[in-house]
There are 2 protein chains.
Amino acid sequence: MELTERKKRILRAIVESYIATAEPVGSKAVAQLAGLDVSSATIRNEMADLTEMGLLEQPHTSAGRIPSATGYRLYVNELMGEHQLSMQETQRINDALEMKIEELDRVIDRAGKVLSKISDYPVFSMTEVKDIVTVRRYDLLMVEENAFIAVVMTDTSVVKNKIIRIPDGLSDPQLQMLSTILNSSFTGLSREQMAQALDKVADHSTPGAFRLISMVVEFAIEVLGELRRQTVHTAGITQLLEHPEYKSLDKAKPLMRFLSDDETAQLPIPFDGSQNMNILIGPENVNEAFRDTSVVMASYDIGDNMRGVIGVVGPTRMDYAKVTARLSYFADSLTRMFGKGELPAPVDKDDFET
Amino acid sequence: MELTERKKRILRAIVESYIATAEPVGSKAVAQLAGLDVSSATIRNEMADLTEMGLLEQPHTSAGRIPSATGYRLYVNELMGEHQLSMQETQRINDALEMKIEELDRVIDRAGKVLSKISDYPVFSMTEVKDIVTVRRYDLLMVEENAFIAVVMTDTSVVKNKIIRIPDGLSDPQLQMLSTILNSSFTGLSREQMAQALDKVADHSTPGAFRLISMVVEFAIEVLGELRRQTVHTAGITQLLEHPEYKSLDKAKPLMRFLSDDETAQLPIPFDGSQNMNILIGPENVNEAFRDTSVVMASYDIGDNMRGVIGVVGPTRMDYAKVTARLSYFADSLTRMFGKGELPAPVDKDDFET
DNA sequence: TTTAGCACTCGGGGAAACGGAGTGCTAAAC
DNA sequence: GTTTAGCACTCCGTTTCCCCGAGTGCTAAA
């Protein structure tokens with residue numbers, strides 16, 4: 001059967017009405033909404049066709065129609081209009097992202113919160129490292145009689161520090177020497193290589209020096225591990241409850257459990273990297289808990305070496321037009337903000353203007 | 001009327017049964033649970049007395065009794081036994097708190113998650129600065145042709161860094177000079193004083209140098225502001241839904257909204273600092289959303305200058321014995337971990353053993 | 001091909017009926 | 001005086017039943 005222009009208009013009207021109201025849409029309502037000058041009976045015939053084609057579904061015989069997963073898919077691929085962001089919204093996004101001291105992790109966390117607020121749905125986000133991260137340099141700063149700060153900077157320009165206590169104190173030349181050893185023998189290495197290098201150094205250095213070196217190196221290894229680990233953040237899980245499909249707790253709970261369990265440092269939602277934006281509708285999700293749930297995600301770049309994915313979770317009756325518009329703007333902003341190779345990750349744009 | 005020993009045992013049996021089952025407790029059940037060798041009729045008489053005394057309530061005429069807020073209060077103050085933590089549990093807490101690179105903020109965030117997991121209730125936590133925090137020292141590290149890292153250390157031993165870009169490059173002596181100015185003129189000052197000091201320095205330094213100084217100082221001001229700000233974290237909000245009193249969404253939603261709104265950087269739950277542990281039962285809470293909800297909180301020290309409060313939120317039918325036991329162990333661990341003045345906040349205990 | 005008309009379906013919601021747990025009271029027993 | 005058995009009563013939660021109405025699919029006419 002052919003999908004005529006009229007059928008498309010009807011489908012679109014149904015999808016949009018259902019998105020707005022969460023109520024099955026009857027033929028009479030469609031007759032008005034679609035702006036077609038035909039009677040409800042005609043619409044009924046068309047709707048029967050659309051149902052036959054698998055684009056619509058009937059909760060029960062005497063109810064209106066709701067879109068099926070394929071119906072949504074068609075809507076998303078072909079019928080959905082471009083949603084414009086209002087000035088206010090772009091402003092709000094920009095304000096929120098213009099953060100100060102914040103580090104990578106916290107920027108992402110915050111970004112999720114903002115996106116969740118403006119989209120009315122829960123949001124998850126995660127980062128992954130494309131390539132191997134290594135330490136670019138070490139700095140050691142004496143701060144007290146018996147403590148120094150180890151500053152580690154990775155080749156992705158992430159900087160972390162840690163205070164290290166030393167009961168015995170340390171002279172400037174000693175510190176200098178440590179620094180030299182660290183910078184010459186423990187840069188540009190993978191985590192595994194670092195561990196090996198540590199063994200080598202153990203042989204020709206004093207026990208005391210070795211102890212300090214290994215403390216710094218272990219810290220560096222942790223930093224690298226921390227970066228590599230795929231971390232998942234979620235925000236606004238509660239928003240699920242605002243949508244009628246989750247008013248029955250049975251529906252909401254599995255999903256909420258799933259989302260709030262960010263211990264499982266990996267969210268089993270595959271992202272197809274060949275496209276910037278992924279939309280998974282209902283049963284297209286692999287995961288069982290997402291059978292009636294859609295996920296819209298976008299990726300953004302964090303420098304050259306890392307990538308982030310940020311996604312919105314909601315009922316299949318999600319306002320795809322609105323969500324995709326916000327999400328893509330958001331992902332673009334993040335990419336721009338992380339400066340794609342020009343700027344180290346956790347630095348904000350103010351730094352350009354010095 | 002006098003509160004005889006028997007009445008106490010009955011009250012305790014009722015509270016504990018209700019905590020366990022969330023079902024009103026009938027006289028027959030009490031007869032068994034309380035281990036008193038009397039008939040249900042006797043218990044009924046006693047229960048009528050307890051109801052008259054305001055310690056029990058009857059949801060409706062033909063239902064069993066449930067504890068009233070004052071009933072819980074009495075239970076908490078007098079009847080509740082000490083709950084022992086199992087080895088496993090202490091182990092779990094210890095493992096979870098033994099964190100590596102993590103900073104203050106993240107430690108607290110994580111602590112909340114762990115506590116929420118082991119207590120089965122949502123948890124909130126916040127920190128506050130007792131006194132004024134100032135910068136103790138600055139370090140500047142050249143990392144590239146055109147960028148340096150500013151490392152700021154506060155007198156509470158929190159260390160933060162930021163990469164600062166400079167289009168023109170900078171010689172070593174220049175950097176040295178900047179560092180000297182910063183360390184001599186911008187340490188030990190409050191945020192307001194720093195802003196003023198900046199004005200003064202503006203007069204007798206070159207525009208270029210001033211630009212850089214002000215960037216570092218502004219960063220420092222942000223750091224101080226960040227620390228002072230009362231930040232609230234919440235964890236495990238979803239756990240609310242696991243408890244039957246929140247199975248109706250009407251009950252759960254206001255509370256969840258309240259808890260998840262950590263934009264309101266201040267949780268309006270007063271903490272009485274004169275005691276280490278605070279328990280607020282149902283109507284004892286000021287906030288309307290907490291009418292049927294109890295809050296158990298404990299404070300812990302973060303160094304000398306900061307204090308944290310971590311609290312558990314649940315239905316009035318909360319397992320107070322279990323929660324208080326875990327919470328106090330937890331708060332103690334945190335205090336110990338933050339080393340009360342000996343150790344800078346975001347450093348873990350490994351550092352002792354060098 | 002569209003439309004009016006109509007019988008039919010089926011879910012949601014309200015009213016009514018039921019069952020049972022638990023109470024309070026009374027009167028007897030200890 | 002206190003405890004206990006017995007019993008009538010209350011009232012909630014559940015189930016059952018029935019009705020209403022929205023919406024459909026079909027038929028026949030325009």
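Please read these numbers as outputs of a predicted model, since none were measured by experiment.

Within the structure, DNA strand D sits among 21 residues, and Ser27 of chain A together with Ser39, Thr42, Thr61 and Ser62 of chain B are positioned closest to it. Counting only atoms of DNA strand D within 4 Å of the protein, the fraction found in sugar and phosphate groups is 79%. Here a phosphate oxygen of DNA strand D and a side-chain polar atom of Thr61 of chain B are 3.3 Å apart. When contributions to the surface near DNA strand D are tallied by element, the ones reaching two or more residues are α3 (40-52) of chain A together with α3 (40-52) of chain B. In terms of residue class, the surface near DNA strand D is built from 4 nonpolar, 12 polar and 5 charged.

Residues and elements named next belong to chain B. Burial analysis of strand β4 (residues 135-144) places 8 of its 10 residues in the buried class, which makes it a mostly covered element. With 8 bridges joining them, β4 and strand β5 (residues 147-154) adopt antiparallel strand pairing. Bridging across to β5, Glu144 finds its partner in Ala147. Hairpin geometry of β4 and β5 is characterised by an intervening segment of 2 residues between the two adjacent antiparallel strands.

The subject of this paragraph is the sheet that holds strand β10 (residues 306-315) of chain A. Residue and element names in this part refer to chain A. With respect to topology, 5 strands assemble into an open sheet ordered β7-β3-β10-β9-β8, the strand pairing being antiparallel. Because the sheet does not close on itself, it has two edges, and the strands there are β7 (231-235) and β8 (277-280). The sheet shows a mean angle of 20 degrees between the axes of neighbouring strands, direction not considered. Contacts between helix α6 (residues 104-119) and the sheet are confined to β3 (123-129), β7, β9 (293-302) and β10, with β7 contributing the most and set at about 35 degrees to the helix. The sheet strands contacting helix α11 (residues 320-337) are β8, β9 and β10, and the helix crosses β9 at an angle near 15 degrees.

The next point concerns the side chain of Ser119 of chain B. Its location among the elements puts Ser119 of chain B in helix α6 (residues 104-119). Ignoring sequence-local partners within four residues, the contact set of Ser119 of chain B consists of Val312 and Lys322 of chain B.

Okay, the pattern of salt bridges next. This structure, assessed with the given rule, holds 33 salt bridges over all chains. A salt bridge links Glu144 of chain B to Arg165 of chain B; the shortest N-O distance between them is 3.8 Å. Placement of the pair is Glu144 of chain B in strand β4 and Arg165 of chain B in strand β6 (residues 159-165), with a sequence separation of 21 residues. Given the relative accessible area of 12%, Arg165 of chain B is considered buried. The network of salt bridges with shared partners includes Arg6, Lys7, Glu46 and Asp49 of chain A.

It is worth spelling out the nonpolar core at this point. Residues and elements named next belong to chain B. Grouped together as the largest cluster of nonpolar side chains are 92 residues, with contacts concentrated most on Phe148, Phe186, Met194, Tyr320 and Phe330. With 12 residues, helix α9 (residues 207-228) is the single largest residue contributor to this core. Once residues within four sequence positions are removed from consideration, Phe330 is found in contact with Ile93, Leu97, Ala111, Val114, Leu115, Ile118 and Ile310.

Residues and elements named next belong to chain A. The antiparallel open sheet is built from 3 strands, whose spatial order is β4-β5-β6. Sheet topology places β4 (135-144) and β6 (159-165) at the edges, where each strand pairs with a single neighbour. The mean inter-strand angle of the sheet, taken between neighbouring strand axes irrespective of direction, is 20 degrees. In terms of strand pairing, strand β5 (residues 147-154) meets β6 through 7 bridges, oriented antiparallel. When the bridges of β6 are listed, Phe148 appears paired with Ile164. Against the sheet, helix α9 (residues 207-228) touches β4, β5 and β6, its axis set at about 40 degrees to β5.

Its location among the elements puts Arg137 of chain B in strand β4. Other than its neighbours up to four places away in sequence, Arg137 of chain B contacts Leu141, Met142 and Val143 of chain A together with Val151, Val152, Met153, Asn183 and Thr187 of chain B. A polar contact is formed between the side chain of Arg137 of chain B and the side chain of Asp139 of chain B, at a distance of 2.7 Å.

Take the protein's contact with DNA strand C next. Residues in contact with DNA strand C amount to 20 residues; listed here are only the nearest, Ser39, Thr42, Thr61 and Ser62 of chain A together with Ser27 of chain B. Backbone atoms, meaning sugar and phosphate, make up 79% of the atoms of DNA strand C lying within 4 Å of the protein. One nitrogen or oxygen atom from the side chain of Arg44 of chain A is found 3.4 Å from a base oxygen belonging to DNA strand C. For DNA strand C, a base nitrogen lies 3.1 Å from a polar atom in the side chain of Arg44 of chain B. Mapped by element, the contributors of at least two residues to the surface near DNA strand C are α3 of chain A together with α3 of chain B. Considering every element that reaches the surface near DNA strand C, the biggest residue donor is α3 of chain A, with 4 residues.

Cut-offs applied
- Residues numbered from 1 in each chain as written.
- Chains lettered and ligands numbered in written order.
- Predicted model: local features only at pLDDT ≥ 70, side-chain atom pairs only at ≥ 80, totals over all residues.
- Heavy atoms only, no water.
- Near = heavy atom within 4 Å.
- Polar contact = N/O pair within 3.5 Å; in protein donor to acceptor, adjacent residues only side chain to side chain.
- Helix = DSSP H or I, 4+ residues; strand = E, 2+ residues; numbered from the N terminus.
- Nonpolar A, V, L, I, M, F, W, Y, C, P; charged D, E, K, R; others polar.
- Buried < 20%, exposed > 50% of the residue type's maximum accessible area, 1.4 Å probe, protein only.
- Pairing = 2+ DSSP bridges.
- Axes fitted to C-alpha atoms, helices over the stretch in contact; angles between N-to-C directions.
- Contact = heavy atoms within 4.5 Å.
- Salt bridge = Lys/Arg side-chain N within 4 Å of Asp/Glu carboxyl O.
- Core = buried A, V, L, I, M, F, W, Y, C linked by side-chain atoms within 4.5 Å.

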